[in-house]
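Residue strings, one per chain:
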Amino acid sequence: MQKQSLDLDWQFHLGDLPHSLLQPQDEITWRAVDLPHDWSIELDRSPENPSGNAGGYFPMGRGWYRKTLQVPEEWRGKLVYLEFEGVYMNAEIRLNQHFIGRHPYGYTSFYDDLTPYLAFGQPNELAVLVDNASQLNSRWYSGSGIYRHVWLMVAEPVHIDEWGLYITTPVVSASAATVQAVTTLINTTAETWTGMVQLTLTGPDGLPAGSAEVKVTAPSNDHCLVIQDIEVPSPCLWSPESPSLYHLDAELISNGRTIDQAASPFGIRRLSVDAQHGFLINGQPLKLKGGCVHHDNGVMGAASYDRSEERKVELLKASGFNAIRCAHNPPAPAFLDACDRLGMLVIDEAFDCWREGKNPYDYHVAFDDWWQRDIESMVRRDRNHPSIVFWSIGNELVERGRPEGAEIARRLATHVRSLDPTRPITAAICGVWNGNWAWNDTDDIFSALDVGGYNYLWKEYASDHARQPERVMMGTESFPLEAFENWMSVLGSSYVIGDFVWTSLDYLGESGIGRSHLGGGKEGFLGAYPWHQAYCGDLDLCGFRRPQSYYREIVWGGKTKLSISVHYPIPEGKTETVTLWGWPDVGPTWTFPGHEGQLLKVDVYSAWDRVELRLNNRSLGIKPTGKEEKMIAAFEVPYTPGVLTAIGYQGDQVADTVELHTAGEPTRLLLSPDRAAIQAGPGDLSFVTVEIQDETGRLHPAADRPVYCTITGPGRIAAIGSGNPTSTEAYRGNVRTAFRGRALIVVASNGKTGEIHLRIQADGLEEADTVIQVG
């Protein structure tokens, strides 16, 4: 199919509209928007908004999108489809006032046939209703709108189906591999069609790697499957360490002319998993160092830009993760593309609920009518991604301990296997909290799975293995404070193949689930307004690493071996309470003006045998940091400005040293773009870190103040934010108060070339600027 982006030049109206008012009218307010678009992130949070603490107190509601399509006369006789990668939620599509289709689920991709209602050679009016007004329908921030890409697709009457090129590697070794392509042909004509399907394989080096062709006869008004093999000698195998990608092109040829084509990158790799050997990729055992990730893009809201999706994967890979669980829905295609390129393993998950819901208006209202179509969307769209190593059919299902839950699981698993039998199937199962049943009652639902997902249940591993020795297990969610126990369980058992923390990257909504507070045991499960971030991520909402990220990397045996975290001062008479998903309020800082002489708790995370802590070159003692201490040494230190030093010892030798310096007076600002050059195409992004520093360039985490930014050139400020989970400031605009010395500005290109100049100012500080090249 020919495929072209429809992201630009839409009009948007927030609120209800009668269908008769979809045309331009003076009394209706429409504004220009480009996609991806999330209207909720643009609006003010309020404790009165019905999304509540689950949705981060953001407004939701209904909105209309409108766009004029110019359809050339030469498309007459062809088929024209409209594809949405994701609309949250309850999308209804209309063309020239005709109802085209609807799609309830906010996370699966879908496409509709526009052909019957098109006016060729004339303008066509496209309208999309997005209805997110029925609250609650999500346990986290969903965002609202057409938040992923939209595509217009044009096909000949005989064509390759969308998502119709399915690639597997049934035989894989170091010396040879077989690549198998199953191509789905659609013949919409009244006559039998005869032609050729030609395959061309390109290797990771860009050179030809194989080809195949076969004569095909497609029956009238039907579809057919074309199966072809290509043998590849000495293949480059895909793995997290070496994510080598091949590229397969399929051409549909009629009378010597190419009438359609499809293409897909893929990886040659072999998966296996069992209780005796664990998880193997290409025959090599691998433990999954995993984290859960929601769909949002932090300060960007739900709007899914390719670069923001890629950045998430880059940040997590740099923090030591090798696997991501997409919680609790299929992700954006760009996210999976980035996982393929960068070598990140993925659990692709379908649903957060089945027939029985967790909120009044969540997916359970559509499950019976739509689960099969949504499973097909997820699997058919995503099955060529080598990064995906498991399909997950659900999370913490209400029915999990009952016979009907096991029956649903079997139906879903059977359908997934009919679409892709090459990957194991899992689901995330949690303990007993909503019914009169026992944990062993979940054996029935586990029997429908290839790998059992355990949420917060590492203590059940050994007893379940004794009862079900062939069951493969993995921690699909775990508490941050139990990182050590979970990883020791993984290392100590072949049948436990990995652990996924809740959560790796912070997100909007589920407000304050990971907070620490001083209210004793009186506070609720989630935080009250103005809490709006979950605050449970190893990385905060901006992507900045938090202390638990360094601890986890140490426990995993990663690059970081030694780290200091200091507990922020607590008012006299108060006691800190940390939620189950939280981490103590600590930071890598020794700057606490006004707290001189106050006793502060200092935690040293260490991969070494023992650590020594020094303050201004005076020893404060040596403590062990082995497994008995869970690789943590705790000290109490009266605060005195200067240098706090941790020294790691392995045997009698100094193995590592880390220092924290007290910052001087704040004097200046610094801008650090993650990319100093971006593409001119609309929507490429540069994520610019803002820092408040002292005169030596040291971050000052205790001098927060509003930062004002201005921008000139071919770009705009797409978002501005910080990791402050209780800020009441907006994520749109040009001002943000730094949080512990930092903030984030997201700069987007606007389609033109040139130089973007970004400047920031703050009271009492030397301003800063940076230049981003666009071309």
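Everything that follows concerns the structure shown earlier in this document.
In this report, the structure presented in the accompanying data block is examined. (Residues numbered from 1 in each chain as written. Predicted model: local features only at pLDDT ≥ 70, side-chain atom pairs only at ≥ 80, totals over all residues. Heavy atoms only, no water.)

### Side note on the sheet that holds strand 18 (residues 271-274)
Taken together, three strands build an open sheet; the order of strands is 18-19-20 and the sheet is antiparallel. Of all the strands in the sheet, just strand 18 and strand 20 (284-285) have a single pairing partner and so form its edges. As paired strands, strand 19 (residues 278-281) and strand 20 are joined by two bridges and run antiparallel to one another. Opposite Leu280, over in strand 20, you have Pro285 as the bridge partner. (Pairing = 2+ DSSP bridges. Helix = DSSP H or I, 4+ residues; strand = E, 2+ residues; numbered from the N terminus.)

### Digging into the environment of Ser142
Relative to the assigned elements, Ser142 resides in the loop between strand 9 (123-132) and strand 10 (150-155). Taking the C-alpha atoms as reference points, Ser142 and Asn124, separated by 18 residues in sequence, lie 31 Å from one another. Ignoring any residue separated from it by four or fewer positions in sequence, one finds Ser142 in contact with Met60, Tyr88, Tyr107, Asn132, His295 and Ala302. (Contact = heavy atoms within 4.5 Å.)

### Some points on the environment of Leu225
With respect to the helices and strands, the residue Leu225 is situated in strand 15 (residues 222-233). Sequence separation between Leu225 and Thr183 is 42 residues, and the spatial gap between their C-alpha atoms is 5.6 Å. Among all residues touching Leu225, those that are not within four sequence positions of it are Val182, Thr183 and Thr184.

### With respect to the pattern of salt bridges
Any two side chains of opposite charge can pair, so long as their charged atoms come close to each other. The full count for this structure, using the stated rule, is 42 salt bridges. For Glu553, the salt bridge identified is with Arg545, shortest N-O distance 2.9 Å. The exposure class of Glu553 is buried, given its relative accessible area of 4%. Several salt bridges share partner residues, and in doing so they unite Arg307, Glu310, Glu314, Arg341 and Asp674 into one network. (Salt bridge = Lys/Arg side-chain N within 4 Å of Asp/Glu carboxyl O. Buried < 20%, exposed > 50% of the residue type's maximum accessible area, 1.4 Å probe, protein only.)

### Remarks on the side chain of Thr178
Looking at the secondary structure, you find Thr178 in strand 12 (residues 176-187). On the accessibility criterion, Thr178 (9% relative accessible area) is buried. One polar contact links Thr178 to Glu231, side chain to side chain, over a distance of 2.9 Å. Leave out the neighbours within four places in its chain, and Thr178 touches Thr168, Thr169, Pro170, Val171, Asp229, Ile230 and Glu231. (Polar contact = N/O pair within 3.5 Å; in protein donor to acceptor, adjacent residues only side chain to side chain.)

### So, the packing of aromatic side chains
For the structure shown, the criterion picks out 37 aromatic pairs. Plain terms: the ring middles of Phe321 and Trp556 are 5.1 Å apart, the flat faces sit at 85° to each other, and that makes the pair edge-to-face. With Phe321 in the loop between helix 1 (306-318) and strand 22 (323-326) and Trp556 in helix 8 (residues 547-556), the pair connects residues that are 235 residues apart, well separated along the chain. In this structure Phe321 comes out as buried when scored by relative accessible area, which is 3%. Note on Phe351 and Tyr363: the rings are 4.7 Å apart at their centroids and 15° apart in plane angle, and the pair reads as stacked. Here Phe351, found in the loop between strand 23 (345-349) and helix 3 (367-382), pairs with Tyr363, found in the loop between strand 23 and helix 3; they are twelve residues apart in sequence, far enough to count as distant. Among the aromatic residues, those joined into a cluster by ring pairs are Tyr88, Tyr105, Tyr107, Phe351, Tyr363, Phe367 and Trp371. (Phe/Tyr/Trp six-rings, centres within 6.5 Å; stacked < 30°, edge-to-face > 60°.)

Such coordinate-based values are descriptive only and should not be taken to indicate function.
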